[in-house]
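Structural characterization, general
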Amino acid sequence: MKSFYPRTIDYDHLPPIIKNKIQQQETSLLKEQSLQFSGGLAEQIESLERTMIEQAINNTNGNITKAGEQLGISRQSLNYKLKKYQLYF
């Protein structure tokens, strides 16, 4: 009687060319999975920007000028982003 279950294969006994193909396929799948996240690129960028702003404000004890310097943007730009993301400190 023929079994419907796949046989297990010992990876170590496979020829090198097959091992390389398997590794390439696994790498490709990992890259695809790492690119899958909720929201689009714009949402991800906004989320990162918001988090960085919150951290900079906390690190500088609410000093907008110093937080802007830490982020590499002007105080005016930081004020704009604070309003944009409705962040109040």
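See above for the structure.
Residues numbered from 1 in each chain as written. Predicted model: local features only at pLDDT ≥ 70, side-chain atom pairs only at ≥ 80, totals over all residues. Heavy atoms only, no water.

The next point concerns the overall build of the protein. Scanning the protein from terminus to terminus reveals four helices and zero strands. Going from the N terminus to the C terminus, the protein shows its helices and strands as α-α-α-α. If you take every contact in the protein between residues at least 6 apart in sequence, the share linking residues at least 24 apart comes to 36%. Of the roughly 7800 Å² of accessible surface on the protein, 54% is carried by carbon and sulfur atoms. (Helix = DSSP H or I, 4+ residues; strand = E, 2+ residues; numbered from the N terminus. Contact = heavy atoms within 4.5 Å. Areas by Shrake-Rupley, 256 points an atom, 1.4 Å probe, with all protein chains shown as cover.)

One can find Lys81 in helix H4 (residues 75-84). Leaving out residues up to four positions away in the same chain, Lys81 has contacts with Glu49, Ile53 and Ile73.

Now for the pattern of salt bridges. Per the counting criterion, the structure on display carries two salt bridges. The residue Lys81 makes a salt bridge to Glu49 at a minimum N-O spacing of 2.6 Å. A residue pair is termed long-range when its members are at least 10 positions apart, and Lys81 in helix H4 and Glu49 in helix H2 (residues 41-59) qualify at 32 residues. Given the relative accessible area of 18%, Lys81 is considered buried. (Salt bridge = Lys/Arg side-chain N within 4 Å of Asp/Glu carboxyl O. Buried < 20%, exposed > 50% of the residue type's maximum accessible area, 1.4 Å probe, protein only.)

Remark: helix H3 (residues 64-71) packs on H4, axes separated minimally by 8 Å, with the N-to-C direction vectors making an angle of 100°. Relative to H4, the element H3 is oriented roughly perpendicular. Where H3 approaches H4, its residues Ile64, Thr65, Ala67, Gly68 and Leu71 are matched on the opposing element by Arg75, Leu78, Asn79 and Leu82. A class-by-class count of the residues in the contact of H3 with H4 yields five nonpolar, three polar and one charged. (Axes fitted to C-alpha atoms, helices over the stretch in contact; angles between N-to-C directions. Parallel < 35°, antiparallel > 145°, perpendicular 65-115°, else oblique. Nonpolar A, V, L, I, M, F, W, Y, C, P; charged D, E, K, R; others polar.)

Across the interface, H2 lies against H4 with an axial gap of 11 Å and an inter-helix angle of 115°. Crossing angle aside, the handedness with which H2 passes H4 is left-handed. In this structure, H2 contributes Glu46, Glu49, Ile53 and Ile57 to the contact, and H4 contributes Leu78, Lys81, Leu82 and Lys84. Of the residues belonging to the contact of H2 with H4, the class tally is four nonpolar, no polar and four charged. (Left-handed = near helix turned anticlockwise from the far one by under 90°.)

A rise of 1.5 Å per residue sets the reference length of H2, with its 19 residues, at 27 Å; its end C-alpha atoms lie 27 Å apart and thus fit the reference within 8%. For H2, the complete set of buried residues consists of Ile53, Ala56 and Ile57. The buried residues of H2 occupy an angular sector of 95° when projected down its axis, which confines them to one face. What points out from H2, more than 90 degrees from its buried face, is the exposed set Leu48, Asn58 and Asn59. On its buried side, H2 packs onto H3 and H4. (Expected span 1.5 Å × (residues − 1). Arc of directions from axis to C-beta.)

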